[in-house]
Number of protein chains: 2
Amino acid sequence: MVKQERAARTRRALIRAGAEVFAREGFVSASLSAISRRAGVSSGALHFHFESKKALAEAVEGEALKEVRRIAREAAARDGRALAGLVDATHGLVNRIAEDVVVRAGFELSGAPGRAGGPTLRREWQQWVEQMVRRSDQEGWLAPGVSADDAAAAIVAATTGFEVLGAEDSTWLSQKKVAGFWELLLPRLTERHAQMSPGWSAHAAAAAHPAEHGTAPDSRP
Amino acid sequence: MVKQERAARTRRALIRAGAEVFAREGFVSASLSAISRRAGVSSGALHFHFESKKALAEAVEGEALKEVRRIAREAAARDGRALAGLVDATHGLVNRIAEDVVVRAGFELSGAPGRAGGPTLRREWQQWVEQMVRRSDQEGWLAPGVSADDAAAAIVAATTGFEVLGAEDSTWLSQKKVAGFWELLLPRLTERHAQMSPGWSAHAAAAAHPAEHGTAPDSRP
């Protein structure tokens, strides 16, 4: 049991170290020896957990995907308020890209040239946004004359832009930038924008930081 | 003179072949031998023109930058109509990314990890958009309550998203996608949107294809 725990901890350390090196140097340039050194383990231990750099990259993407799905699931659970959920999810996504190197590297890997497997993470985010915009439309939130396809495309393109531009300049990954985007888009997207905030709802923001918020004295029941 | 012409032609062929290989495989994986083979020249000829892969990549970015500046200059020349110029420039940019591998590779190189020199092309596009939005504001085109900063950020993020997503799926690089974005944004951005088209003006579209359009019988004076 102790041995299993140690193995799981090593695996997590390797995924994190891999994400750091992939995010900084790209998949092709990243060296496994730099990754094992950074994780503080032997290269034998790295090979015990991951048979190749590709396998490690897939593990990074897999962890990032789990996190994106968690954000999406929590946002989608808001009955009758898919549009508010979508606003929250874009804030949550951009926040995780800024603060969690595994999520950031997962997105960068999903668009890197020369990697087989395709851009799963970006594609999944796109499909989810399209689905939430359709739900918003069915729930009667979209203004007359607004195309759900155009709205979904604008949201996907802008969030992808925040992610990519944020790799060079972290101001693109701020809550302020995301809120500014919704400030611009919401009054066009919906006539009920007075009922909506372009910012991140307090509930969703707390959920995105379970470790920081869950144990704070003022959030105890 | 003939010799100079041949040298210039070889240089152009190398830039184009380099762009094709960089766009497909990324900077790090691209091999100089694949590039010289593709250009139909010896590796000695490649080294005569470019001392390193980095030098060739800089030449690709330099050519792409010229093209972006041309699009920007033509769009900026429209007196009192900076906002219409901006719409045209986004159409022109996305069209060139779709159709000209040198422009496409230039953008991809400008954001590639592990390349020194920084993202010149994306940064220049960003600064130009910011400037055009400010001009639109000074010309009285922005609706009250619309933040010029938010508008510029949304336009830069969305066009970057089109560029990046278009590398995997070319439907992101269509006129329809760009027009859909403006269809959504313009009515919020300006109260004078009835005077504006979210599509690409015929004049600007023709200017973007001098070879195709300039020689057509119906465009002769």
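Please read all numbers here as calculations on a predicted model, not as lab measurements.

1. Things to note about the packing of aromatic side chains
- On inspection of all chains with the given rule, the structure shows 10 aromatic pairs over all chains.
- Taking the centre distance of 6.2 Å and the plane angle of 90° together, the rings of Phe 162 of chain A and Phe 181 of chain A count as edge-to-face. Remark: Phe 181 of chain A occurs in helix α9 (residues 175–189) and Phe 162 of chain A occurs in helix α8 (residues 148–166); sequence separation between them is 19 residues.
- According to the relative accessible area criterion, Phe 181 of chain A is buried, its value standing at 5%.
- Plain terms: the ring middles of Phe 181 of chain B and Trp 182 of chain B are 5.4 Å apart, the flat faces sit at 65° to each other, and that makes the pair edge-to-face. Grouping residues by exposure puts Phe 181 of chain B and Trp 182 of chain B together as buried.
- Feature note: the residues Phe 162, Trp 172, Phe 181 and Trp 182 of chain A constitute an aromatic cluster, connected by ring pairs.
- When the ring centre of Trp 141 of chain B is taken as reference, the NZ or CZ atom of Arg 192 of chain B above it lies at 3.8 Å.

2. Topic: the confidence of the model for chain A
- The predicted model of chain A averages 89 in pLDDT, with 90% of residues at 70 or higher.
- Confidence over residues 211–221 of chain A falls short of pLDDT 50; this stretch has eight contacts with residues more than four positions distant or in other chains.

3. Description of empty space enclosed by the protein
- Considering all chains together, one arrives at two cavities of 30 Å³ or more under this definition.
- Put simply, the largest cavity is a space of about 50 Å³.
- Lining the largest cavity we find Leu 93, Phe 107, Arg 122, Trp 125, Val 156, Thr 159, Thr 160 and Glu 163 of chain A together with Leu 165 of chain B.
- For the lining of the largest cavity, the secondary structure elements donating two or more residues are α7 (120–138) and α8 of chain A.

4. Here we look at the UniProt feature "DNA-binding region" (unreviewed entry) in chain A
- With numbering aligned to this structure, UniProt lists the feature "DNA-binding region" (unreviewed entry) at residues 31–50 of chain A.
- Span residues 31–50 of chain A is 75% helix and 0% strand, its end C-alpha atoms 13 Å apart.

5. Thoughts on the interface of chain A and chain B
- Listed by partner, the interface residues are 34 residues for chain A and 34 residues for chain B.
- Buried surface at the junction of chain A and chain B, summed over both partners, amounts to about 2700 Å²; 72% is from carbon and sulfur atoms.
- Counting the surface chain A buries against chain B, the share from its top three residues, Trp 172, Leu 184 and Arg 188 of chain A, is 23%.
- Linking chain A with chain B are zero salt bridges.
- Put simply, chain A and chain B have four residue pairs in polar contact (both at pLDDT 80 or more) between them.
- Among the elements of the structure, α1 (2–25), α7, α8 and α9 of chain A are those that each provide at least two residues to the side of chain A that touches chain B.
- Considering every element that reaches the side of chain A that touches chain B, the biggest residue donor is α8 of chain A, with 12 residues.
- Considering only residue class, the side of chain A that touches chain B consists of 19 nonpolar, seven polar and eight charged.

6. Re the nonpolar core
- Counting residues in each nonpolar core, the largest one holds 96 residues, and the members touching the most others are Trp 182 of chain A together with Trp 182 of chain B.
- Leave out the neighbours within four places in its chain, and Trp 182 of chain B touches Leu 86, Val 87, Thr 90, His 91, Ile 155, Pro 187, Leu 189 and Pro 198 of chain B.
- Of all hydrophobic cores here, the second largest spans 22 residues; its members include Val 21, Ala 30, Ile 35 and Leu 56 of chain B.

7. Remarks on the relation of the copies chain A and chain B
- When chain A is fitted to chain B, the residual RMSD is 0.0 Å, and the transformation amounts to a turn of 180° plus an axial shift of 0.0 Å. Each copy turns onto its partner about a two-fold axis.
- When you check the interface residues of chain A against chain B, 100% turn up at the interface there too, and the contact is symmetric in its surfaces.

8. Some remarks on the environment of Leu 14 of chain B
All names here are of chain B.
- Checked against the element boundaries, Leu 14 lands in helix α1 (residues 2–25).
- For the pair Leu 14 and Phe 50, spaced 36 residues apart in sequence, the C-alpha to C-alpha distance is 9.1 Å.
- Among residues more than four places away in sequence, those in contact with Leu 14 are Ile 35, Ser 36, Ala 39, Val 41, Ala 45, Leu 46, His 49, Phe 50 and Leu 56.

9. A look at the pattern of salt bridges
- Taken as a whole and assessed by the stated rule, the structure comprises 24 salt bridges over all chains.
- For Glu 67 of chain A, the salt bridge goes to Arg 70 of chain A, with nearest N and O atoms at 2.7 Å. Pair noted here: Glu 67 of chain A and Arg 70 of chain A are both in helix α4 (residues 53–76), with a separation of three residues, about one helical turn. One exposure class covers both Glu 67 of chain A and Arg 70 of chain A, and it is buried.
- With a closest N to O distance of 3.3 Å, Glu 74 of chain B and Arg 70 of chain B form a salt bridge. With Glu 74 of chain B and Arg 70 of chain B both in helix α4 (residues 53–76) and four residues apart, this pair spans about one turn of that helix.
- With a relative accessible area of 38%, Glu 74 of chain B lands in the partly exposed category.

What counts, and where the lines are drawn
Residues numbered from 1 in each chain as written. Chains lettered and ligands numbered in written order. Predicted model: local features only at pLDDT ≥ 70, side-chain atom pairs only at ≥ 80, totals over all residues. Heavy atoms only, no water. Phe/Tyr/Trp six-rings, centres within 6.5 Å; stacked < 30°, edge-to-face > 60°. Helix = DSSP H or I, 4+ residues; strand = E, 2+ residues; numbered from the N terminus. Buried < 20%, exposed > 50% of the residue type's maximum accessible area, 1.4 Å probe, protein only. Lys NZ or Arg CZ within 6 Å of the ring centre and 35° of its normal. pLDDT = per-residue confidence, 0-100. Contact = heavy atoms within 4.5 Å. 1 Å grid on protein atoms, 1.4 Å probe; cavity = no way out; pocket = protein on both sides within 12 Å on 5 of 7 lines; lining within 4 Å. Points joined across faces, edges and corners; volume = space filled by probe spheres on them. UniProt positions renumbered as here; feature names shortened; annotations may be inferred. Buried area = accessible area lost by both parts, 1.4 Å probe. Salt bridge = Lys/Arg side-chain N within 4 Å of Asp/Glu carboxyl O. Polar contact = N/O pair within 3.5 Å; in protein donor to acceptor, adjacent residues only side chain to side chain. Nonpolar A, V, L, I, M, F, W, Y, C, P; charged D, E, K, R; others polar. Core = buried A, V, L, I, M, F, W, Y, C linked by side-chain atoms within 4.5 Å. Least-squares fit on C-alpha atoms with pLDDT ≥ 70 in both.

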